[in-house]
Amino acid sequence: MQPASPWLLLLLYCAVYFTASSPGPAAAAAGGSSFVFEDNFDIMWAEDHFKTSPDGQVWYLYLDKKTGCGFQTKQRYRFGWFSMKLKLVGGDSAGVVTAFYMCSDLGAGPERDEIDFEFLGNRSGQPYTIQTNIYKSGVGGREMRHMLWFDPTADFHTYALLWNPHRLVFYVDRVPIRVLKNTEGPNDFFPIEKPMWMFSSIWNADDWATRGGLEKTDWKKAPFVSTYKDFVADACQWKDPYPACVATTTKNWWDQYGAWVLSADQQEDFSWVGRNLVIYDYCKDTERYPKLPPECSL
Ligand SMILES: *[C@@H]1O[C@H](CO)[C@@H](O)[C@H](O)[C@H]1NC(C)=O
């Protein structure tokens, strides 16, 4: 395939932008109130590498040669709409990974479920890549990689997850870029049981992130800073003891029929992303998986 010209991409982007009208995310945005950091999050590590704006609404994560840092929600959630606005490290960010993810475990527990957005930095002027991944009961290796249709270091963009018992959808702005269905069969790979915390972090991954680890982090450019704001969790907050967050009520917009399927417009956008922006899909990687994982054929 020939690389698409920037103008064609721009044109397509405009088309996507103006057709994307998803009832769910729009509704969530309208209800999105400002989150006070201390009330909702804890810093996971390296408090001295974390800053907020004077009004507490914008959060800066720093990475230098010594360490990165990260924060997590105080609460766990099971199902809902989770979104964050991020502006990624600009300039030379090769080797730097910024993440926004959900995980059922506070460490890398062997039974964890996890849903990841990872932003892989690059040399100045080279495009960022967005990697998504899913773990179920400690099993991962479900990576997809996408190009973006904008420069994620120039401004804030919204990255969101819609998670209900039927679908898991990764959104970039209002465009669905990845969809996992719950097929409820024996070959299903849908994380459903475990409530999850939401995490954000920045770290050095120059052993693999940029051009497969060939491009190393240039520490002369440190500190590297990623910026976060406007977190929304329009979601079911988990409360021990069980039962909580069981799908017995349908009053939440994120678990109504409209959020179980993509609308026609969303489907169109999703197909466009699939045709133009996917640069890696584990379901096509027969070198890595001579026998593809079963969910790939569902
Ligand atoms: C970095 O830029 C190179 C060259 O344009 C590209 O091949 C690569 O996919 C980009 N992203 C990463 C994460 O390596």
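Positions within a chain are numbered from 1, following the residues in the order the chain's sequence is written. In view of the model being predicted, local features appear only for residues whose pLDDT reaches at least 70, and side-chain atom pairs are presented and counted only at 80 or more, with totals across whole chains, interfaces and linings using the full set of residues. Side-chain measures here rest on the full set of heavy atoms in the structure, leaving out hydrogens and waters.

As named in an unreviewed UniProt entry, the protein is Xyloglucan endotransglucosylase/hydrolase, taken from Colocasia esculenta. UniProt positions are given in the numbering used here, feature names are shortened, and annotations may be inferred rather than shown by experiment. The record held by UniProt for the protein lists under Sequence similarities (unreviewed entry) the comment "Belongs to the glycosyl hydrolase 16 family."

Turning to the pattern of salt bridges, a few remarks are in order. Just to be clear on terms, a salt bridge is a Lys or Arg side-chain nitrogen sitting within 4 Å of an Asp or Glu carboxyl oxygen. Following the criterion strictly, the structure yields 14 salt bridges and no others. For Lys85, the salt bridge is made with Asp230, and the minimal N-O distance between the two is 3.2 Å. Linking Lys85 in strand β5 (residues 77–87) with Asp230 in strand β14 (residues 224–237), this pair joins segments that are 145 residues apart in sequence. Under the relative-accessibility criterion, Lys85 is labelled partly exposed at 29%. Assessed through its relative accessible area of 34%, Asp230 is described here as partly exposed. Two residues, Arg123 and Glu215, come together in a salt bridge whose shortest N-O distance is 2.8 Å. Here the residue Arg123 occupies a position in the loop between β7 (114–120) and β8 (129–135), and Glu215 occupies one in the loop between β13 (197–204) and β14, the gap between them amounting to 92 residues. The two residues Arg123 and Glu215 agree in class, both being buried. One connected set of salt bridges, linked through shared partners, spans Asp92, Arg123, Arg211, Glu215, Asp218, Lys220 and Lys221. Helix and strand assignments follow DSSP, with helices taken as H or I runs no shorter than four residues and strands as E runs no shorter than two, numbered in order from the N terminus. Each residue is placed in one exposure class: buried if its accessible area under a 1.4 Å probe, protein chains only, is under 20% of its type's maximum, exposed if it is over 50%, and partly exposed if it falls in between.

What follows concerns the packing of aromatic side chains. The aromatic pairing rule takes the rings of Phe, Tyr and Trp, using the six-membered ring of Trp, and pairs them if the centres are within 6.5 Å, calling planes under 30 degrees apart stacked, those over 60 edge-to-face and the rest tilted. This model, assessed by the stated rule, comprises 25 aromatic pairs. With 5.1 Å between their ring centres and 35 degrees between their planes, Phe37 and Phe41 make a pair best called tilted. A relative accessible area of 4% means that Phe37 is categorised as buried. For Phe41, a relative accessible area of 3% corresponds to the buried category. Summarising the aromatic geometry, the rings of Phe117 and Phe119 are spaced 6.2 Å apart at their centres and angled 10 degrees between planes, so their arrangement reads as stacked. Residue classification places Phe119 among the buried residues on the basis of a relative accessible area of 0%. What links up through ring pairs into an aromatic cluster is the set Phe37, Phe41, Phe50, Trp59, Phe71, Tyr228 and Phe231.

As a further point, take the sheet that holds β7. One open sheet holds the 8 strands; their spatial order is β1-β4-β13-β6-β7-β8-β9-β15, and the pairing between them is antiparallel. Both outer strands of the open sheet, β1 (41–45) and β15 (278–281), are each paired with one neighbouring strand and no more. Sheet twist, expressed as the average angle between the axes of neighbouring strands with direction ignored, equals 15 degrees. By definition, two strands form a pair when at least two bridges between them are found by DSSP. Bridging between β7 and β8 involves 7 bridges; their strand directions are antiparallel. Within β8, the position partnered with Leu120 by the bridge is Thr129. Axis lines are fitted through C-alpha atoms, for helices just across the contact stretch, and the angle between N-to-C directions can take any value from 0 to 180 degrees.

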